[in-house]
Number of protein chains: 2
Amino acid sequence: MTVKVITVGEDILGANEAKASANRKRLDKYGILTINIMSAPGAGKTSLILSTIKHMREKAKIAVIEGDVASSVDAEKVNELGIPVIQINTAGGCHLEANMVEKALNDLPLGDIELLFIENVGNLICPNAFALGEDRRIMISSLPEGDDKPYKYPAMFADTDVVLLNKTDLEPYLDFNTNGFKKVVTGLNPDVTIFPVSCKTGAGLEAWFAWLESALKGKKNK
Amino acid sequence: MTVKVITVGEDILGANEAKASANRKRLDKYGILTINIMSAPGAGKTSLILSTIKHMREKAKIAVIEGDVASSVDAEKVNELGIPVIQINTAGGCHLEANMVEKALNDLPLGDIELLFIENVGNLICPNAFALGEDRRIMISSLPEGDDKPYKYPAMFADTDVVLLNKTDLEPYLDFNTNGFKKVVTGLNPDVTIFPVSCKTGAGLEAWFAWLESALKGKKNK
């Protein structure tokens with residue numbers, strides 16, 4: 001038996017965009033500010049979410065969608081804080097897609113959420129091509145990954161609203177050129193906001209919280 | 001116009017396996033030991049290759065194939081050492097495939113190579129599903145990524161011959177449970193060899209070099 005092969009790339013992206021648009025309308029109806037968080041594995045997405053929950057939970061009702069190839073270790077950490085969380089396991093898939101998020105939204109108390117974090121699968125490439133219905137995209141790049149990442153994964157750096165440059169606590173032990181990194185990122189993305197932070201020590205996180213509070217106000221006034 | 005969508009996943013993998021097998025035969029003909037190196041972005045693949053070239057270049061004729069979404073910064077570093085190198089840019093693709101490696105082999109002096117490193121795209125998910133024609137697979141996991149990576153990306157840890165646990169120089173500044181990490185990895189992959197190393201300081205690399213020399217001998221006696 002021969003299998004006819006059809007190039008489906010554009011059709012997949014088109015179908016995803018339609019589903020993402022439906023998610024966006026649904027989230028808008030409830031006034032939920034939705035943030036899609038992307039990064040390489042181990043850059044600090046879950047740490048950022050946990051720190052942000054602790055700081056912001058009195059100011060906004062938060063929920064989280066966790067995307068992983070396997071396991072629910074991140075969702076368990078969020079659950080321990082008493083925050084509504086849905087784990088999506090992609091079973092080998094290297095990114096979240098809008099239809100997965102649609103299913104997760106069905107299981108969340110949408111009328112009781114103001115701020116929704118979607119933690120994408122740890123991957124600097126494919127998540128960028130799949131809108132999920134988010135208002136804002138943020139990415140985390142961590143110092144130990146090296147300052148050459150914007151050269152090697154330009155699409156994600158070009159498409160994000162915010163870059164959190166995490167693990168600044170390790171700066172004394174690394175050869176990371178922060179100014180050079182910022183120059184390349186703003187060259188790819190002139191409108192980007194870059195926040196150097198350490199999720200471990202808390203350094204720099206106030207600026208991120210302020211950005212988030214401003215985005216929450218913007219969503220409410222929409 | 002409607003587009004008929006056919007699930008092509010298995011057919012793509014089947015076609016890749018056939019091409020990988022052809023690459024393997026070709027590399028075997030020349031007696032070239034071929035190592036497919038995989039990791040998350042910034043774990044240290046290029047640093048490992050550069051350190052290994054410096055140590056092993058008197059003992060074996062080395063060449064490198066570099067895989068990246070964009071840029072040729074890694075290939076330039078290898079080229080500066082006077083080692084034959086081919087850069088593959090995947091133009092958005094999140095892994096190397098055997099047909100890309102086939103094209104790179106056409107441009108390498110195969111009769112004058114004993115050890116070929118293929119640096120895969122930085123990604124802990126998809127590269128694992130695509131054989132390239134390699135003899136051995138190795139992966140790098142770096143301490144700053146965290147000790148939970150084997151839970152979250154089990155397929156790659158389960159399928160590799162060697163795990164290099166890199167950036168041990170940062171151990172004093174991180175909360176990384178090395179014994180716990182080793183337990184989970186050997187649970188997924190009882191035959192794996194784990195080498196804690198620091199490509200920055202050189203610590204632990206002797207054991208990796210010895211493994212490589214033994215694999216080279218094994219290939220020659222085949």
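For this particular structure, what's the right way to read helix α7 (residues 178-188) of chain B?
Three or four residues apart is the spacing at which side chains of an α-helix point the same way, because the helix has 3.6 residues per turn. Residue and element names in this part refer to chain B. All of the buried residues along α7 are T178, F181, V184 and V185. Taken around the axis of α7, the buried residues stretch over an arc of 130 degrees, which confines them to a single face. Looking at α7, the residues exposed on the side facing more than 90 degrees away from the buried face are N179, K183 and G187. On the buried face of α7, the contacting elements are β5 (136-142), α5 (149-152), α6 (154-158), β6 (162-166) and β7 (193-196). Regarding α7, its N-cap is N177, as a side-chain oxygen of that residue lies 3.3 Å from the backbone nitrogen of N179 further along.

How do you make sense of the sheet that holds strand β5 (residues 136-142) of chain A when you look at a structure like this?
Pairing between the strands of a sheet comes from backbone hydrogen bonds, and it takes one of two forms, parallel or antiparallel. All names here are of chain A. On the basis of which strands lie adjacent, the open sheet formed by seven strands has the order β3-β2-β4-β1-β5-β6-β7 and parallel pairing. Of all strands in the sheet, those with a lone pairing partner are β3 (85-89) and β7 (193-196), marking the two edges. Across the sheet, the mean angle from the axis of one strand to that of its neighbour is 20 degrees, orientation sign disregarded. Where strand β1 (residues 33-39) meets β5, five bridges bridge the pair, whose relative direction is parallel. Among the inter-strand pairings, S39 is bridged to a residue of β5, identified as I140. Across the sheet, helix α3 (residues 73-80) touches β2 (62-68), β3 and β4 (115-119), and the angle it forms with β2 is around 165 degrees.

What exactly am I supposed to notice about the pattern of salt bridges here?
A side chain of one charge can pair with a side chain of the opposite charge when the charged atoms of the two come close. Inspection of every chain in the model, using the stated rule, returns 24 salt bridges over all chains. Close ionic contact of A:K219 with A:D28 constitutes a salt bridge, the shortest N to O distance being 2.4 Å. Of this pair, A:K219 sits in helix α8 (residues 205-220) while A:D28 is found in helix α1 (residues 9-29), placing the two residues 191 residues apart along the sequence. Taking the relative accessible area as the measure of exposure, A:D28 reaches 32% and is therefore partly exposed. Between B:D112 and B:K61 there is a salt bridge; the shortest N-O distance is 3.1 Å. Taken together, the residues B:D112 in the loop between α4 (98-106) and β4 (115-119) and B:K61 in the loop between α2 (45-56) and β2 (62-68) connect sequence positions 51 residues apart. Bridged by salt links that share partners, the residues A:D28, A:D135 and A:K219 form one connected network.

Sorry, what's going on with the confidence of the model for chain A here?
Predicted coordinates in areas of low pLDDT are best not read in detail. Averaged over every residue, the pLDDT of chain A is 94; residues scoring 70 or more account for 95%. As a predicted assembly, this complex carries a pTM of 0.93 together with an ipTM value of 0.91.

In this structure, what is going on with the interface of chain A and chain B? I would like to understand it.
Often, the extent of an interface is quoted as the loss of accessible area on bringing the components together. With 41 residues of chain A at the interface, the matching set in chain B holds 41 residues. Counting the surface lost from both chain A and chain B, the interface buries some 3100 Å², and carbon and sulfur atoms represent 64% of this. Considering only the surface of chain A that becomes buried against chain B, A:P41, A:K152 and A:Y173 emerge as the three largest contributors, covering 19% of it. Counting across the interface, chain A meets chain B through six salt bridges. With a shortest N-O distance of 3.9 Å, B:D175 and A:K200 are connected by a salt bridge. There are eight residue pairs in polar contact (both at pLDDT 80 or more) connecting chain A and chain B. Those elements that provide at least two residues to the side of chain A that touches chain B are α3 and α5 (149-152) of chain A.

When you look at the relation of the copies chain A and chain B in this model, what are you seeing that I'm missing?
Put simply, the two copies of the chain differ by a rotation about an axis and a shift along that axis. Least-squares fitting of chain A to chain B yields an RMSD of 0.0 Å, with the superposition described by an axial translation of 0.0 Å and a rotation of 180 degrees. Look at the turn and shift together and you get a two-fold axis relating the two. Interface overlap between copies: 100% of the residues of chain A at the interface are likewise at the interface in chain B, consistent with a symmetric, same-surface contact.

Sorry, what's going on with α3(A) here?
Inspection of α3(A) places A:D74, A:A75 and A:V78 among the buried residues, and these make up the whole buried set. Down the axis, α3(A) shows its buried residues gathered within 95 degrees of arc, on one side only. The elements touched by buried residues of α3(A) are α2 (45-56), β2, β3 and β4 of chain A together with α5 of chain B. One or two positions beyond α3(A), positive phi appears at A:G82, with a value near 75 degrees.

How should the sheet that holds β5(B) be read in this particular structure?
Residues and elements named next belong to chain B. Judged by pairing direction, the sheet is parallel, and its seven strands sit side by side in the order β3-β2-β4-β1-β5-β6-β7 without closing on themselves. Only two strands of the sheet have a single neighbouring strand rather than two, namely β3 (85-89) and β7. For this sheet the average axis-to-axis angle between neighbouring strands, irrespective of direction, equals 20 degrees. Looking at chain direction, strand β1 (residues 33-39) and β4 are connected through five bridges and run parallel. From the neighbouring strand, I35 faces β4, where its bridge partner is F117. Across the sheet, α2 is in contact with β1, β2, β4, β5 and β6; its angle to β2 comes to roughly 175 degrees.

The rules behind each value
Residues numbered from 1 in each chain as written. Chains lettered and ligands numbered in written order. Predicted model: local features only at pLDDT ≥ 70, side-chain atom pairs only at ≥ 80, totals over all residues. Heavy atoms only, no water. Buried < 20%, exposed > 50% of the residue type's maximum accessible area, 1.4 Å probe, protein only. Helix = DSSP H or I, 4+ residues; strand = E, 2+ residues; numbered from the N terminus. Arc of directions from axis to C-beta. Contact = heavy atoms within 4.5 Å. Polar contact = N/O pair within 3.5 Å; in protein donor to acceptor, adjacent residues only side chain to side chain. Pairing = 2+ DSSP bridges. Axes fitted to C-alpha atoms, helices over the stretch in contact; angles between N-to-C directions. Salt bridge = Lys/Arg side-chain N within 4 Å of Asp/Glu carboxyl O. pLDDT = per-residue confidence, 0-100. Buried area = accessible area lost by both parts, 1.4 Å probe. Least-squares fit on C-alpha atoms with pLDDT ≥ 70 in both.

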